[in-house]
Amino acid sequence: MPTSQRHKLMMSLLGWVVAFLVFFPILWMFLTSFKTELDAVSGTPNIFFEPTLENYAAVQERADYFRFAMNSIIISFGSTILALVFAIPAAYAMAFFPSKRTRGTLLWMLSTKMLPPVGVLVPVYLIFRDLQLLDSHLGLVIVFALMNLPIIVWMLFTFFKEVPKDILEAGRMDGASPRQELRFILIPLSVPGIASTGLLSVILAWNEAFWSLNLTTVAAAPLTAFIASFSSPEGLFWAKLSAASTMAIAPILIFGWLSQKQLVRGLTFGAVK
Amino acid sequence: MATLTLRNIKKVYGDVEVIQDLSLDIEDREFVVLVGPSGCGKSTLLRMIAGLEEISGGDLSIDDERVNELPPDRRGLAMVFQSYALYPHMTVADNMAFALRLAGVSREERMAKVGEAAKILHLEPLLDRKPRALSGGQRQRVAIGRAIVREPRVFLFDEPLSNLDAALRVQMRIEIARLHNSLDATMIYVTHDQVEAMTMADKIVVMNAGHIEQVGSPLDLYHHPESLFVAGFIGSPKMNFIEAKIASVGGDGTKVALSDGTKVAVPVSGGGMSSGDAVTLGVRPEDLTAVANDQATGGDLAGRVVVAERLGGETFLYTEVLDGQTLNLKGPGAMTYRVNDAIRLRIDGATCHLFRDDGKALPRLARNPMADLDAEPVAPGAAG
Ligand SMILES: Nc1ncnc2c1ncn2[C@@H]1O[C@H](COP(=O)(O)OP(=O)(O)OP(=O)(O)O)[C@@H](O)[C@H]1O
Ligand SMILES: [Mg+2]
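Residues numbered from 1 in each chain as written. Chains lettered and ligands numbered in written order. Predicted model: local features only at pLDDT ≥ 70, side-chain atom pairs only at ≥ 80, totals over all residues. Heavy atoms only, no water.

Draft legend 1. Broad picture of the environment of A:G139. Residues and elements named next belong to chain A. Mapped onto the elements, G139 comes out in helix 7 (residues 137–161). G139 sits in the buried class, given a relative accessible area of 1%. Aside from chain neighbours lying at most four places away, what touches G139 is F128 and L133. (Helix = DSSP H or I, 4+ residues; strand = E, 2+ residues; numbered from the N terminus. Buried < 20%, exposed > 50% of the residue type's maximum accessible area, 1.4 Å probe, protein only. Contact = heavy atoms within 4.5 Å.)

Encoded structure:
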């Protein structure tokens, strides 16, 4: 076998192994959700079992999955749109009109991600209480948008950097205002980058648990709160928890699958140009 | 219709002054070419005129109106970028119509104007393509078309042809010159290419390290360079420079002695110079002649051929004379000298230039008639 072909084979083998390792917990959760509680906790892992839907029925009986799912969709997409509205002009300014402090500002923005959120929980909670934002969609949309803003600005900044400055300058010579530059030139040229940034933001917001557990109770509680409510009861709960988790990640998994092409294109944008 | 006036223009980046106190007048419909070594500030100057770069000091006026603070589109200029800078997501037609669309021109009128420009530039079959489906030359034409459609008062070009191959460059050069004639627009053109500068310009501006060295018509700069820098920059291959000392100063010229004692009489005024002062003798490769040994006289330099480049129609010889100084010679294609051949070079003093040690040229006693060829129209019957 020629070495290049063997190399290719090794690489794809390695790829499959890594992919399997990454995917294994999800697969296991998925399988567990179809087991009886007894099977689920049995010491010997087995993949041959009598599948049952009883966990799903139990989960749906105890909590209205669709209301939680709807909340998750509203909050994660809402926060992503809100964050993009602020991040696009910010990244545009930083990418094309950098000042001496642009680099520092970017780093500082990222550094805010290092602060444990619990550090600001009390003030945020009190502010939200006074503004009556507790347990509201708007409240979580704002918090998630702020939470993801640094990463979104960073990602958009790197994507915008890829757009040749000359093209925007040509737009300026043609009489485009900054807003028109964004609308007619920069945004259409950065669709893959903006899409993958948005996708990442949706996923991060979808998975966020800390703020959603602390700032919501019933009305605006998203799927993370839904899962959490299955982890505490007495008795056996592994299979039910798995079912709840599977239901919680299913929408985002399907969404991610559908937008896979955009995501990959966006994440490798700089590399293949 | 546009005249441009630059008065004491400055550009500062941080604490580096990249343009210092630059003043320049550009007449209506003039074709002005900016040349200078890399990093001397040509692009910066052009971008300040365009409004893409803030002007740190001084006044820029177009048609006697100060435009320092006007945004680019209100200055009535169009720019053609070296990278073409076409909008990759728009068709050729949309690229050319973009400015009109922003200005709120109706669709029919836009299409009419784009059609007109496309006809001039032979772009009609390409109007529905995206830029990535065009060749380099076609992209360049679209970029020019985009400028034309706006009917600007002034066209700015920053090395527009440098990404094209040689043949296409010649073709586009001619096309731009033709456009200049038919559009009656003022054009400012940055280039590195000697031929473009010499053939297209009404006026060449030679820049060096952020200031203007000399402004003049191409042949004026060629025949009457005011400094060593301009002399070395205009003309290809580059002018030869030889160390010399003043031998005598007279009313009919200045005589210099080379290191081997050879005397050369140059028709320049030696005012302020005295015998023994160090000067630089400049002689263009095309003004040097190789002479056969049997015709040698005392005034020839003996040397050796180091490199011979034959272009078919002409030959460039790189020779070593006077203890290691190199002299380049441009001669006819039929020269038979080979590497390491002995050679005798004759310097014709009448075509030489002299430069003081501060780099300034000693003024010539008479103007070269070629330098004023285009300056004044020849009156009918004047020849008789
Ligand atoms: N944004 C900037 N910040 C600091 N210095 C700059 C900036 N832009 C340009 N310069 C400096 O200004 C000088 C002039 O640059 P400019 O691009 O005008 O040169 P140029 O004559 O066009 O050169 P070239 O022929 O290579 O295109 C250079 O020394 C460059 O380093
Ligand atoms: Mg330049």
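Draft legend 2. Examining the interface of chain B and chain A more closely. Each partner contributes residues to the interface: chain B has 22 residues there, and chain A has 16 residues. Summing both partners gives a buried area of about 1600 Å² for chain B against chain A, and 65% of it is carried by carbon and sulfur. The largest contributions to the chain B side of the interface with chain A come from B:Y87, B:H89 and B:L102, which together make up 29% of the buried area. On inspection of chain B and its partner chain A, the count reaches 2 salt bridges. Measuring nitrogen to oxygen at the nearest pair gives 3.7 Å for the salt bridge that ties A:D174 to B:R150. Put simply, chain B and chain A have 7 residue pairs in polar contact (both at pLDDT 80 or more) between them. Those elements that place two or more of their residues in the side of chain B that touches chain A are helix 1 (42–50), strand 6 (77–80) and helix 2 (92–102) of chain B. When its residues are assigned to classes, the side of chain B that touches chain A shows 15 nonpolar, 2 polar and 5 charged. (Buried area = accessible area lost by both parts, 1.4 Å probe. Salt bridge = Lys/Arg side-chain N within 4 Å of Asp/Glu carboxyl O. Polar contact = N/O pair within 3.5 Å; in protein donor to acceptor, adjacent residues only side chain to side chain. Nonpolar A, V, L, I, M, F, W, Y, C, P; charged D, E, K, R; others polar.)

Draft legend 3. View of the side chain of B:R146. By the secondary structure assignment, B:R146 is in helix 4 (residues 136–149). Residue contacts for B:R146: discarding those within four places in its chain leaves A:A170, A:D174, B:Y84, B:A85, B:L86, B:Y87, B:N95 and B:M96.

Draft legend 4. Layout of the pattern of salt bridges. Counted under the stated rule, the structure contains 22 salt bridges over all chains. In this structure, A:K165 engages A:E169 in a salt bridge whose closest nitrogen and oxygen atoms are separated by 3.8 Å. A residue pair is termed a helical-turn pair when its members lie 3 or 4 positions apart in one helix, as A:K165 and A:E169 do in helix 8 (residues 165–173) at 4 residues. Of the charged contacts, one joins B:E69 and B:R66 as a salt bridge, the two residues approaching to 2.9 Å between their closest N and O atoms. When salt bridges that share partners are traced, they join A:K165, A:E169, B:R47 and B:E53 into one network.

Draft legend 5. Spotlight on the sheet that holds strand 14 (residues 278–283) of chain B. Residue and element names in this part refer to chain B. Pairing within the open sheet is antiparallel, and its 5 strands lie in the order 13-12-11-14-20. Strands at the two margins of the open sheet, each flanked by one partner only, are strand 13 (263–266) and strand 20 (353–355). Averaged over all neighbouring strand pairs, the angle between strand axes comes to 45°, with direction disregarded. (Pairing = 2+ DSSP bridges. Axes fitted to C-alpha atoms, helices over the stretch in contact; angles between N-to-C directions.)

Draft legend 6. Molecular detail of the domain arrangement of chain B. Residue and element names in this part refer to chain B. By domain assignment, chain B separates into domain 1 (4–231) and domain 2 (237–364). The straight-line distance from the C-alpha centre of domain 1 to that of domain 2 is 38 Å. Across the contact, 9 residues belong to domain 1 and 11 residues belong to domain 2. Both faces combined, the contact of domain 1 with domain 2 buries some 810 Å², and carbon together with sulfur accounts for 58% of it. At the boundary of domain 1 with domain 2, the tally comes to 0 salt bridges. Among the elements of the structure, helix 7 (218–223) and helix 8 (228–233) are those that each provide at least two residues to the side of domain 1 that touches domain 2. Per-element tally for the side of domain 1 that touches domain 2: the top contributor is helix 7, with 3 residues. Grouping the constituent residues of the side of domain 1 that touches domain 2 by class yields 5 nonpolar, 3 polar and 1 charged. (Domains from an automatic or database assignment.)

Draft legend 7. The pairing of strand 9 (residues 203–208) of chain B, seen in detail. Residues and elements named next belong to chain B. Most of strand 9 is tucked away: 6 of the 6 residues are buried. Side chains K203, V205 and M207 project from strand 9 onto one buried face, and the interleaved I204, V206 and N208 project onto a second face that is buried too. Pairing geometry for strand 3 (residues 31–35) and strand 9, over 4 bridges, is parallel. Among the inter-strand pairings, L34 is bridged to a residue of strand 9, identified as V205. Of the pairings in the sheet, the one linking strand 9 to strand 10 (residues 211–216) comprises 5 bridges and is antiparallel in character. Following the sheet pairing, V206 is matched in strand 10 by Q214. From the end of strand 9 to the start of strand 10, which pair antiparallel, there are 2 residues, and A209 there has a positive phi angle of about 45°.

Draft legend 8. Region of the structure containing the sheet that holds strand 19 (residues 342–347) of chain B. All names here are of chain B. Across the sheet, which stays open at both edges, the 5 strands sit in the order 15-19-16-17-18 with antiparallel pairing between neighbours. Two strands lie at the open edges of the sheet, namely strand 15 (288–291) and strand 18 (325–332), each paired on one side alone. Within this sheet the neighbouring strands show an average axis-to-axis angle of 45°, counted without direction. Inspection of the sheet shows strand 17 (residues 314–321) paired to strand 18 by 8 bridges, in the antiparallel sense.

Draft legend 9. Up close: the site of ligand 1. All names here are of chain B. Lining the immediate surroundings of ligand 1 are Y13, V18, S38, G39, C40, G41, K42, S43, T44, E159 and H192. A distance of 2.4 Å separates an oxygen atom of ligand 1 from a polar side-chain atom of S38. Note that an oxygen atom of ligand 1 is positioned 2.8 Å from one of the backbone N or O atoms of G39. Alone, ligand 1 offers 640 Å² of accessible surface; in the complex the protein occludes 56% of this. (Near = heavy atom within 4 Å. Areas by Shrake-Rupley, 256 points an atom, 1.4 Å probe, with all protein chains shown as cover.)

Draft legend 10. Local environment of the pairing of strand 6 of chain B. All names here are of chain B. Residues L77 and M79 line one face of strand 6 and the alternating positions A78 and V80 line the opposite face, and both faces are buried. In this structure, strand 6 lies alongside strand 7 (residues 154–158), joined through 4 bridges in parallel fashion. Looking at the pairing, L77 lines up with V154 of strand 7.

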